[in-house]
Amino acid sequence: MPRAFVRFAVRRTLLAALTVLLVSSAAMALVRLAPGDALSDFEMSLEAAAAERERLGLDAPFLTQYAAWLGRAIRLDFGQSLKYRRPVQDLIGERVGNTVLLGASALLLATLIGLPAGILTGSRRGPLASLARGVSFALLSIPPLVTSFVLLLFAAATGLFPVGGMGALPGGGSIEVARYLALPCLAIALPMAAVIERLQSEAVRDALADPSVRAARARGCSRARLVWRHARRLSLKPVIALYGVLVGTVLSGSFVVEIVMAWPGLGALTYEALVARDLYLVAGCAAAGALCLSAGVLASDLALAVADPRVTEPS
Amino acid sequence: MTPFSPRCDPACRRPENGRAALMVLVVTALSVVALAFWFARRPAGPGILQEITPGGEIVASIRSDPSTYNRYAPGGANAATELLSLLLHARLIRVDRATDELEPMLAEGWTRSDDGLTYTVRLRPGIAFSDGRPFTSADVLFSFRVAYDDGVRSPVRSAVEINGKPIEVSAPDDLTVVLRLPEPYAPGLRLLDNLPILPRHRLEGALGEGRFADAWSPSRPLDEIAGLGPFVLAEHVSGQRLVLTRNPQYFRRDASGVQLPYLDRLTLAVVPDQTAEALRLEAGETDLMYSGEIRPQDYASFQRAAGDGRLRLLDVGVGLDPDFLSFNLRPERARDPRAAWLLRREFRQAVSWAVDRQAIADTVYLGAAVPVSGPITPGNRTWHAPDLPAHPHDPARARALLASLGLEDRDGDGMLDDARGAPVRFSILTQAGHNRERVSTVVQEQLRQIGMAVDVVTMDPRGLFARWNAGDYDAMYFGLQASSTDPWLVPEFWLSSGAFHFWHPKQARPATEWEARIDALMRDHAGEADLDRRRQAFTDVQRLFAEQLPSIYFVAPRVTLATSARVLNPTPAPQIPQLLWSADTLAVSGPRR
Amino acid sequence: MTLPPRRAAGAALLGIVAAAAAGADLLQVHPSARQFRDFVYAPPMPPRIVDAGGRLRPPFVYPLRLEDRLERRFVEDRAQPMPLRLFSGGALLAADGPSPWFPLGTDGLGRDVLSRLVRGARTSLGVAFLASAGALLLGAVAGALAGYAGGRLDDGLMWAADFVMALPAIYVVLALRAAAPLVLGAAEVFWTMAAVFILAGWPLAARTVRAVVAAERTREYAEAARSIGAGTVRLLLRHLLPAAHGILAAQAALLLPGFILAEATLSFVGLGFGEPIPSWGLMLQDAGRGRALAEAPWLLAPAGAIALVVFAVNLVASERASGASPRYSRDKSLW
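Residues numbered from 1 in each chain as written. Chains lettered and ligands numbered in written order. Predicted model: local features only at pLDDT ≥ 70, side-chain atom pairs only at ≥ 80, totals over all residues.

## Notes on the interface of chain A and chain C
For the record, the criterion: By definition, residues are in contact whenever their C-beta atoms, placed on the basis of the backbone, come within 7 Å of each other. The secondary structure listing takes helices from DSSP runs of H or I that are at least 4 residues long and strands from runs of E that are at least 2 residues long, numbered from the N terminus. Polar here means any residue other than Ala, Val, Leu, Ile, Met, Phe, Trp, Tyr, Cys and Pro, which are nonpolar, and Asp, Glu, Lys and Arg, which are charged; Gly is therefore polar.
Contact with chain A, which involves 51 residues of that partner, is made by 50 residues of chain C. At the level of secondary structure, the elements contributing two or more residues to the side of chain A that touches chain C comprise α1 (3-33), α5 (127-141), α6 (144-158), α7 (174-208), α9 (223-260), α10 (266-276) and α11 (279-307) of chain A. Residue contributions to the side of chain A that touches chain C peak at ten residues, all from α1(A). Residues belonging to the side of chain A that touches chain C are distributed by class as follows: 35 nonpolar, eight polar and eight charged.

Structural data, given as structure tokens:
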């Protein structure tokens, strides 16, 4: 493995770790700035709230709190959730798997739909391509929030799919989980497929105009080979480059879908943590989200570097 | 033919028949009396439906899962934990929410001393916790001890204190508890409805070692919990569901001797979104909702589902605890440049006259709400005062009141200005994404029509609390749920010294003459044994409230509950949880689908 | 030079939308804040030209009557058609009669949906367009610099982009709102929202442009241009950036509806336009809450409007300007 590549990978990994740390610290600081804290509740008596605040150390100045948290975080102990009274790691561990399952399957489905569709619309002009393009435009303008509600209504009306939730435990019947997964996955995958289709379509069009492809054509390559061999290889690079960004989009899209469809994932937890002003859970969720994002971006950058090692060189 | 002597013709009625007649009459009377005695001595059990077969499961949806299973722990005041305590634990005496009467549960009966200060409660014999250990008066003493413990700082504490003082509890024997109240207390043992009984053998150690708050938290094994309630917590998958199974040791039986609960299993599914919750109920995936009322915009489709026979709708009447528009009347508000009119009673009265309550009922609740003028609605049958001064929509009167404060349209732009020419403008803080936001919008529009500019600022609930606590708001449109229908059990709202005396909490001395009068009325009748006299006093309180209007009440929604068609024998009540408060008498007609 | 037909169509659509937004006062049939208590969730009342008897008439509308409030049942009164009039009562089109005219029905508080739609176009579309343009611009600059320079600048800028993407924007807004005064004017909300969106949205564009530029700068034509002395800026502007053209357009299509909906999320934590200023994001959120598709599909009108706008943007961006770079001469011989 070339040294430049290794250096590149190491550099990126360190930066990712730094990002995770800074994002979780920033999230904690920001939520602390907001009005109200974990015990601001009309349902709790003010004395009990004050006593709890003291017991949990919430009335300490922020820097003291932060220093304590940092000290524990370095030892990979992210504290206890104020709302759930359980270790933050456990809560996040339960939920992050669900989000990754949802996000990964959505991304996979979106790619499986979007990539071929993009190649189709980028290389042809017929009615089929126009239809595909039209559907893609339509899906592009419908945000995940609306698709979630449409799918929920579809589920309630037809009874083919359960109306939200996650039902059976993972590992205890994957068919069951797949039924519950189908709709949230679709809600994210459909708009995402449209994005991938558009990106791939543009990339294919550019690739087909590339001199190497024209040369191949001049050599007498069949149309199908032109598209599916030469142009595809060229067009893949820009799309791979953007996969990191797509991971980010899927993550933020999944937040909305999780809440609406009662899918117990990281997005739902982040929202609850915000509403409950649960500082340590907020930090943990932000860290987990940053980790997922950094991992996705890193993977995408590494893939790009493999595809085109020139990217790793400075100008 | 007479019944006494078929062979004798009416002309010859002999004296023996008369004696026989008398005998039969006497025997009949005696048997009737004996029967009456027999029925009266039977323990009052819940009514039964002959068609109920025990068994089956129900799925109920709740909005969020509990952060602790321990109602006495500081975090135990939230809705999910309270629901669990209703299902896992029992009380000595409970308020039957359908009738608002006291009902003996773990207690068999009680006597009250003449001075009203001492109650002797007899416990039912032969009751055991879900782990088999017997229930005795020591558990009751322990529960009180935890509630009053300074180290625990339990939210239950204020519910079993009288005017801030604890009750002296003692147990002369295993089946008797003597409660000595610090001062005469009119609601009496009603406060025991808020005290679930804890198992001493399970929690005494944790209390002694100072780790009570962490006992029965989700990080501990579930079998550490033991209770006297109808169910046992079998499983909790965070963010998804809680599964409760029947407690084989549950003490309650129905009137025909069948052991309760009827259900084998009760699953609480966590569904954070209200629309998804309604959809799941309609689709038949859940059987009822924890907060079981239908939103007005869902009514049409629920009606259709009921017509198809998939759902059943139950009308519970007018709800309790309506939302209110409360103005900030704390003394530091006097520094606000608008204090000359914003803090005045005439201003609040003008707002009340200017708002068309029926329009709010029609627009936001689609007609399924009634106009109200105070915190006690017709749904609270015992305490509602029917002939309070009401303010039907009268913009002219509102304008006149505002003019008397010097607020007129001085520059012809249609909006009112004060004496210095500054516009009449204030902000209403309310909860984002909630019906409260919609009502605030309607109120904003109506006040605009008489020339007042209102800004509606929405926030999440904790932000709202922070602003309220800091006194940093003009007006807030919000709602509080009272822990009881009896106002003397909610002193934190009615007394000026109360922590939730919303418009001006925790006053050292009553700030106004009318608040002093309300305080006096409440205090003077705190020990009043006669319910009618207490009700009369409280009617006076409500009248004062309606005249001064520190908080303005607009409408109270009519509550319609929905259950799946499988659910049998529901006992609907207006307070949340409308159906699960009596989960032990719920039954189902058959398996799902 | 004449614009290619698709671009022209797209531009025309956008122009119509802009005109509608600007001329909202003319287009709205009723004041957008007016609540009609007897017409909550009323269905749309489409103009007709053929009446019940099959006769042709000048355009008219049948009035609506409330039959059951709770079940939201309305019935058309076929006996009293209301003729449509041009330029009456301050509106472009109006109808007078036994009931008000709601071309697109009413929402959950009895407010005319069309009036709220055109009124809200200014604020919602305005913020979304401004923010998208700003995010794309900022992102393009950052991404171009990063992609071209490589090395530390690249690392630093991309790391900043990742940081911003990973930090949930809603936390920032929560803190921001706490610092701001309780009551915010519409203009203040507008600019704050636009700023928040631009800061939240630039990483996406930056990463995209950076990927494209990084790939392009090593290609032969770029080397060629450099070798004949083209400066960095000229290289970027005329050769490298246009390569990202189409992909940026796809991103704009993604950002625009995203920002409109983000508006609704922001108002949950307190940064919103505040009633009664209509906001498309909030209208959609309310529609979602009320099971709109099954029972009141007209509440999804903002989704239709968003789709239209995004479609128009896609049309405008789909044909690249010819002559921008030697690579992009349209070669039709392949088709």
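Having seen the structure, we can now continue with the description.
## As for the pairing of strand β17 (residues 475-478) of chain B
Across a regular strand the side chains alternate sides, sitting on one face of the sheet and then on the other. Residues and elements named next belong to chain B. Keep this limit in mind: Here a residue counts as buried when 20 or more other C-beta atoms sit within 10 Å of its C-beta, as exposed when there are 12 or fewer, and as partly exposed otherwise, the C-beta atoms being derived from the backbone. At least two DSSP bridges between two strands are needed for those strands to be called paired.
Residue alternation in β17 divides its side chains into two sets, Ala475 and Tyr477 and Met476 and Phe478, and both sets are buried. In the sheet, strand β13 (residues 324-327) pairs with β17 via four bridges, with the strands oriented antiparallel. The residue bridging Phe327 from the neighbouring strand is Ala475, located in β17. Relative to β17, strand β15 (residues 425-431) runs parallel, the two sharing three bridges. Residue pairing for β17: Leu429 is matched across the bridge by Met476.

## Digging into the interface of chain C and chain B
In this assembly, 25 residues from chain C lie in contact with 28 residues from chain B. Considered class by class, the residues forming the side of chain C that touches chain B number nine nonpolar, eight polar and eight charged.

## Description of the sheet that holds strand β5 (residues 118-123) of chain B
All names here are of chain B. Rules: Axes here mean lines fitted to C-alpha atoms, for a helix over just the part in contact, with angles spanning 0 to 180 degrees between N-to-C directions.
Ordered in space as β4-β5-β7-β6, the four strands form an open sheet in which the pairing is antiparallel. The strands lining the two open edges of the sheet, one partner per strand, are β4 (107-112) and β6 (168-173). Adjacent strand axes in the sheet meet at a mean angle of 20° when their direction is disregarded. Pairing between β4 and β5: five bridges, direction antiparallel. Across the sheet, Thr111 pairs through a bridge with Thr120, a residue of β5. Here helix α3 (residues 137-148) sits on the sheet in contact with β5, β6 and β7 (176-180), set at roughly 170° to β6.

## Quick notes on the nonpolar core
Filter applied, for reference: The term nonpolar core means buried Ala, Val, Leu, Ile, Met, Phe, Trp, Tyr and Cys residues held together as one set by C-beta atoms within 7 Å.
Core analysis: the biggest nonpolar cluster contains 354 residues, and Ala27(A), Met192(A), Val282(A) and Phe197(C) have the highest contact counts within it. With 19 residues, α7(A) is the single largest residue contributor to this core.

## Some details on the environment of Ala107(B)
Relative to the helices and strands, Ala107(B) is located in strand β4. Along the primary structure Ala107(B) and Leu195(B) are separated by 88 residues, whereas in three dimensions their C-alpha atoms are 13 Å apart.

## Looking at helix α4 (residues 151-166) of chain C
Selection criterion: To estimate how far a helix should reach, multiply one less than its number of residues by 1.5 Å.
Here α4(C) spans 22 Å end to end across 16 residues, near enough to the 22 Å set by a 1.5 Å rise per residue. Among all positions in α4(C), only Asp154(C), Leu157(C), Met158(C), Ala161(C), Asp162(C), Phe163(C), Met165(C) and Ala166(C) are buried.

## Structural notes on the sheet that holds strand β6 (residues 91-95) of chain C
Residue and element names in this part refer to chain C. Ordered by their spatial adjacency, four strands build an open sheet running β1-β2-β5-β6, and the pairing between neighbours is antiparallel. Edge positions in the sheet fall to β1 (48-50) and β6, since each has one partner strand and no second. Between one strand and the next, the sheet's axes are offset by a mean angle of 40°, whatever the strand orientation.

## Observations regarding the packing of helix α8 (residues 345-354) of chain B against helix α10 (residues 395-404) of chain B
All names here are of chain B. Note the following rule: Orientation labels follow simple angle bins: below 35 degrees gives roughly parallel, above 145 gives roughly antiparallel, 65 to 115 gives roughly perpendicular, and whatever is left gives oblique. Two helices cross in a left-handed way if the nearer one is turned anticlockwise from the farther one by less than a right angle. They cross in a right-handed way if the turn is clockwise.
Remark: α8 packs on α10, axes separated minimally by 8 Å, with the N-to-C direction vectors making an angle of 165°. Overall, the two elements α8 and α10 adopt an arrangement that is roughly antiparallel. Along this stretch, α8 crosses α10, giving a crossing that reads as left-handed. For the pair α8 and α10, contact is made by Glu346, Gln349, Ala350, Trp353 and Ala354 and by Pro395, Arg397, Ala398, Leu401, Leu402 and Ser404, respectively. Of the residues assigned to the contact of α8 with α10, the class counts are seven nonpolar, two polar and two charged.

## Points about the confidence of the model for chain A
Residues and elements named next belong to chain A. Stated precisely, the cut-off is as follows: pLDDT gives the predictor's per-residue confidence on a scale running from 0 to 100.
Summing up the model confidence of chain A, the mean pLDDT is 79 and the portion of residues at 70 or higher is 92%. Ranking the elements of chain A by mean pLDDT puts α9 last with 74 and helix α3 (residues 62-74) first with 88. Throughout residues 168-172 the model reports pLDDT below 50, and contacts reaching past four residues in sequence, or to other chains, amount to four contacts.

## Some thoughts on the confidence of the model for chain B
Residues and elements named next belong to chain B. For chain B, the mean per-residue pLDDT works out to 87, and 91% of the residues sit at or above 70. In this model residues 36-49 is a low-confidence stretch, pLDDT under 50, and it forms twelve contacts with partners more than four residues away in sequence or in other chains. Interface scoring of the predicted complex returns ipTM 0.84; its pTM is 0.85.

## Some words on unusual backbone geometry
Residue and element names in this part refer to chain B. Between Leu260 and Pro261 the backbone carries a cis peptide bond, its omega angle lying at -5°. Mapped onto the fold, Pro261 is located in the loop between β9 (241-246) and β10 (265-270). In this structure, the amide linkage connecting Ile576 to the following residue, Pro577, adopts the cis form with an omega of -5°. With respect to the secondary-structure elements, Pro577 resides in the loop between β20 (567-568) and β21 (587-588). The phi dihedral of Arg153 falls on the positive side, at around 50°, and the residue is not glycine. Inspection of the secondary structure assignment puts Arg153 in the loop between α3 and β6. The exposure class of Arg153 is buried, given the 21 C-beta atoms found within 10 Å. One non-glycine residue with positive phi stands out, namely Asp321, at about 50°. Inspection of the secondary structure assignment puts Asp321 in the loop between β12 (311-318) and β13.

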